[in-house]
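A closer look at the structure
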Amino acid sequence: MPRVHEYHCDQCDFEMPSGWGGMMYVEAEVCPSCGAEVHRSKDHCFACGKPTEEIDADTYTRVTCRHPMEAETVRRVLGRAPPSEEKEDRTGFNSNCVCTECLAQFGLDVESDERECRDCGSDAVYAAEELVDEACPNCGTGTFRKEWTGEMS
Ligand SMILES: [Zn+2]
Ligand SMILES: [Zn+2]
Ligand SMILES: [Zn+2]
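These numbers were taken from a predicted model, which means no experiment stands behind them.

1. As for the coordination of the zinc ion (ligand 3)
- Donor atoms from the polypeptide that bind the zinc ion (ligand 3) are Cys-9 (SG), Cys-12 (SG), Cys-136 (SG) and Cys-139 (SG), placed at 2.2 to 2.3 Å.
- Residue classification places Cys-12 among the partly exposed residues on the basis of a relative accessible area of 22%.

As structure tokens, then:
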């Protein structure tokens with residue numbers, strides 16, 4: 001039950017999505033025959049019917065694990081009992097990030113992804129959590145704050 005926070009500047013209207021800074025994700029294999037996400041919990045690809053045990057994927061796609069069904073989503077994608085190493089490798093946390101150059105906002109796994117803005121290519125990309133109590137990237141005079149909404153989720 002994480003606490004729900006709001007992320008915003010105390011001077012201007014700059015804000016980032018409320019919540020707990022991002023969303024967990026799991027990497028699903030992409031079915032080489034049809035391009036659908038592979039769910040190891042199923043015997044067949046739901047889109048083309050290829051048996052999952054015959055699927056040998058070399059591309060992956062990130063599936064957002066919506067709260068509070070994170071564990072469910074991981075089980076659906078990786079199957080019932082994935083080796084813990086595989087689970088470790090294929091799950092992560094997409095942080096809500098902002099480029100302080102152009103103010104574009106997007107999700108990025110700051111532990112494994114390169115910090116590069118999708119819009120302007122700048123490497124000045126920071127997670128909401130990293131900006132807390134720093135100068136606001138929008139107005140420069142306000143302070144970026146994290147405030148508990150009083151809610152749990
Ligand atoms: Zn398929
Ligand atoms: Zn940018
Ligand atoms: Zn501001």
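From this point, the discussion proceeds with the structure in view.
2. Comments concerning the nonpolar core
- Counting ten residues, the largest nonpolar core is built from Tyr-7, Cys-9, Phe-14, Met-16, Val-98, Ala-128, Leu-131, Val-132, Cys-136 and Phe-144.
- Apart from the residues lying within four places of it in its own chain, the contact partners of Leu-131 are Met-16, Val-98, Thr-100, Tyr-126, Pro-137 and Phe-144.
- Within the second largest apolar cluster, eight residues are counted, among which are Cys-97, Cys-99, Leu-108 and Cys-117.

3. What about the sheet that holds strand β2 (residues 15-19)?
- A sheet is described by the order of its strands in space; here three strands give the open sequence β2-β1-β8, paired in antiparallel fashion. The outermost strands of the open sheet, each flanked by one partner alone, are β2 and β8 (144-152). Geometrically, the sheet is characterised by an average inter-axis angle of 15° between neighbouring strands, direction not taken into account.
- Judged from the three bridges that link them, strand β1 (residues 3-9) and β2 form a sheet pairing that is antiparallel. Along β2, the bridge assignment pairs His-5 with Gly-19.

4. As for a nonpolar patch on the surface
- The grouping of Met-1, Trp-148 and Met-152 at the surface amounts to a nonpolar patch, some 370 Å² of accessible area in total.
- Following the sequence through the fold, Met-152 ends up in strand β8.
- Met-152 gets classed as partly exposed once you look at its relative accessible area, which sits at 43%.

What counts and how
Positions within a chain are numbered from 1, following the residues in the order the chain's sequence is written. To label them, take the chains in the order written and letter them from A, then take the ligands in the order written and number them from 1. In view of the model being predicted, local features appear only for residues whose pLDDT reaches at least 70, and side-chain atom pairs are presented and counted only at 80 or more, with totals across whole chains, interfaces and linings using the full set of residues. The side-chain figures draw on all heavy atoms in the structure; neither hydrogens nor water molecules are used. Any nitrogen, oxygen or sulfur atom within 2.8 Å of a metal ion counts as a donor, with the limit raised to 3.2 Å for Na, K and Ca, and since water is left out, coordination shells can look unfinished. Burial here depends on accessible area, computed with a 1.4 Å probe over protein chains only, as a share of the maximum for the residue type. Under 20% is buried, over 50% is exposed, and the range in between is partly exposed. What we call a nonpolar core is a set of buried Ala, Val, Leu, Ile, Met, Phe, Trp, Tyr and Cys residues that are connected through their side-chain atoms within 4.5 Å. Residue contacts are counted whenever heavy atoms from the two residues lie within 4.5 Å of one another. The criterion for strand pairing is that DSSP finds at least two bridges linking the strands in question. A run of DSSP states H or I qualifies as a helix once it reaches four residues; a run of E qualifies as a strand once it reaches two. Both are numbered from the N-terminal end. To get an axis, a line is fitted to the C-alpha atoms, and for a helix only the part in contact is used. The angle between two axes follows their N-to-C directions and goes from 0 to 180 degrees. Patch members must show over 30% relative accessible area and no salt bridge, and they are joined within 9 Å when carrying like charges or within 5 Å when they are nonpolar side chains of Val, Leu, Ile, Met, Phe, Trp or Tyr. Using a 1.4 Å probe, accessible areas were evaluated by the Shrake-Rupley method; residue-level cover was limited to the displayed protein chains. The salt bridge definition used is simple: a Lys or Arg side-chain nitrogen within 4 Å of an Asp or Glu carboxyl oxygen.

Bear in mind that shape data such as this cannot, by itself, settle questions of function.
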